[in-house]
Amino acid sequence: MSHRDDLPVQANAMRPFRASPSLSERRRSRIFCGEQGGRTGTGRGFSVHSEGKGDMTARAEAVIPVFNEEGIIELQLRKVLEEPPFPVLVTVVENGSTDGTAGILDRLAAEFANLHVIRLPEPNYGLAMREGLLASRLGIVLIDDADVLDTDFWSRGLALLDRDGVDIVQGSKVLAGRQDGRPLVRRLATLGLTLLLKILFRYPGTDTHGPKVMRMEKVRPVIGMCGLELDIFPTELVIRSQRAGLVVKEIPIHIREMRRTPFPLRKRVRRAIRDLLRLRKALGPDDA
Ligand SMILES: Nc1nc2c(ncn2[C@@H]2O[C@H](COP(=O)(O)OP(=O)(O)OP(=O)(O)O)[C@@H](O)[C@H]2O)c(=O)[nH]1
Ligand SMILES: [Mg+2]
């Protein structure tokens with residue numbers, strides 16, 4: 001763990017901000033939940049005793065966006081469903097997969113009572129993340145990627161959230177240092193994006209994209225303001241949260257390459273820069 005483990009991201013003074021129209025409210029009717037409501041029973045290794053599928057004793061809810069992950073999704077989900085670090089509800093938001101992902105998710109949802117699957121019609125990472133968060137039912141929500149699912153980060157993040165004053169624990173690939181097992185070129189791309197966050201938004205932290213543990217009563221109002229629905233939704237959420245005065249704290253994550261990235265790096269970086277510029281246009285340099 002890095003010596004910067006306890007580094008808080010400076011929160012600016014609370015500023016008024018504009019609420020953008022809630023696209024989620026309008027789109028809610030399009031959400032399909034791959035679950036049966038009102039079920040009572042016992043999921044594998046998990047007691048269910050509430051209305052709907054789930055366990056009200058769960059400590060947190062993990063929201064995981066998934067797209068075309070047939071190669072890793074079962075292995076990854078079983079890891080958190082069979083040996084969770086604490087009782088957790090898992091909500092997978094899948095949209096537009098063209099491989100066998102949907103079938104695998106249906107099978108796992110039938111096996112594990114604490115797994116919910118939400119489906120949206122078209123591939124859209126930002127929208128999936130946003131809808132998954134808005135559909136969440138617990139006070140503490142984790143977000144993580146299918147190819148990361150760093151349960152050690154989940155535990156450390158939850159412990160930090162339990163301490164006074166932290167609203168979002170942000171996992172940082174930059175602070176990960178040697179625990180970032182990705183190729184050099186990808187690590188350099190991450191550093192480039194960190195630099196852009198500083199230049200474009202004067203963001204004091206190092207990462208906005210990775211896993212997070214969040215206090216929903218604080219974060220939920222900010223989600224309603226994030227209207228761009230781009231791949232950088234998590235970045236918009238963190239920057240808006242930090243500007244709204246929420247306390248954001250960064251800790252390192254462990255990261256290793258699980259699979260080849262589905263998009264060429266050059267294309268991704270181009271898209272990330274384009275999206276960051278659009279976000280900058282929407283937010284201004286520091287919302288002053
Ligand atoms: N629902 C949904 N999930 C998506 C979409 N695109 C990516 N994902 C998921 O979002 C998570 C992150 O995607 P990655 O492709 O790993 O993105 P990344 O971490 O920026 O890139 P890598 O460095 O290649 O890992 C994974 O769980 C993906 O399955 C999408 O269009 N819809
Ligand atoms: Mg990834």
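In this text, all values refer to a predicted model and were calculated from it rather than measured experimentally. (Residues numbered from 1 in each chain as written. Chains lettered and ligands numbered in written order. Predicted model: local features only at pLDDT ≥ 70, side-chain atom pairs only at ≥ 80, totals over all residues.)

J.: Describe in detail the overall build of the protein, supporting the description with residues and values.
T.: Within the protein, the regular secondary structure consists of 10 helices and 11 strands. Once local pairs closer than 6 in sequence are excluded, the contacts in the protein between residues at least 24 apart make up 83%. (Helix = DSSP H or I, 4+ residues; strand = E, 2+ residues; numbered from the N terminus. Contact = placed C-beta atoms within 7 Å.)

J.: Residue-level account of the environment of alanine 113, with values.
T.: With respect to the secondary-structure elements, alanine 113 resides in the loop between helix H3 (101-111) and strand S7 (115-120). In sequence terms alanine 113 and leucine 81 are 32 residues apart; their C-alpha atoms lie 9.5 Å from each other.

J.: Tell me about the pairing of strand S5 (residues 60-66), and name the residues and values.
T.: Counting buried positions along S5 yields seven of seven residues, so the element is predominantly enclosed. Across the two faces of S5 the burial is the same, with Ala60, Ala62, Ile64 and Val66 and Glu61, Val63 and Pro65 all buried. Where S5 and strand S6 (residues 88-95) come together, seven bridges link them in parallel fashion. When the bridges of S6 are listed, alanine 62 appears paired with valine 90. Tracing the backbone out of S5, into helix H2 (residues 73-82) and back to the parallel element S6 gives a crossover that is right-handed. (Buried ≥ 20, exposed ≤ 12 C-beta atoms within 10 Å, placed from the backbone. Pairing = 2+ DSSP bridges. Right-handed = clockwise from strand over helix to strand, strands pointing away.)

J.: How would you sum up the packing of H2 against H3? Please name residues and give values.
T.: The interhelical angle for the contact between H2 and H3, taken along N-to-C directions, is 25 degrees, at an axis separation of 10 Å. Taken together, H2 and H3 sit at an angle that is classed as roughly parallel. Two packed elements cross with a definite hand, and for H2 against H3 that hand is right-handed. Across the interface between the two elements, Ile73, Glu74 and Leu77 from H2 touch Thr101, Ile104 and Leu108 from H3. (Axes fitted to C-alpha atoms, helices over the stretch in contact; angles between N-to-C directions. Parallel < 35°, antiparallel > 145°, perpendicular 65-115°, else oblique. Left-handed = near helix turned anticlockwise from the far one by under 90°.)

J.: Lay out the site of ligand 1 with the relevant residues and their values.
T.: Residues in close proximity to ligand 1 total 16 residues, the closest being Pro65, Phe67, Ala128, Ala146 and Thr261. With three residues, the single largest contributor to the shell around ligand 1 is S6. Split by residue class, the shell around ligand 1 holds nine nonpolar, three polar and four charged. (Near = placed C-beta within 6 Å. Nonpolar A, V, L, I, M, F, W, Y, C, P; charged D, E, K, R; others polar.)

J.: Give me the lowdown on the nonpolar core, citing residues and values where you can.
T.: Of all hydrophobic cores here, the largest spans 64 residues; its most connected members are Ala62, Val90 and Val141. Filtering out sequence-adjacent residues up to four positions away, valine 141 remains in contact with Ala60, Glu61, Val63, Leu133, Ser136, Met214 and Met216. (Core = buried A, V, L, I, M, F, W, Y, C linked by C-beta atoms within 7 Å.)

J.: Can you lay out the confidence of the model for the protein for me, pointing to particular residues and giving the numbers?
T.: Averaged over the protein, the pLDDT score is 82; the fraction of residues at 70 or greater is 80%. This stretch, residues 10-43, has a pLDDT under 50; its non-local contacts, to residues over four places away or in other chains, come to 64 contacts. Overall, residues 45-52 carries pLDDT values under 50, and its contacts beyond four positions in sequence, including any with other chains, amount to 22 contacts. (pLDDT = per-residue confidence, 0-100.)

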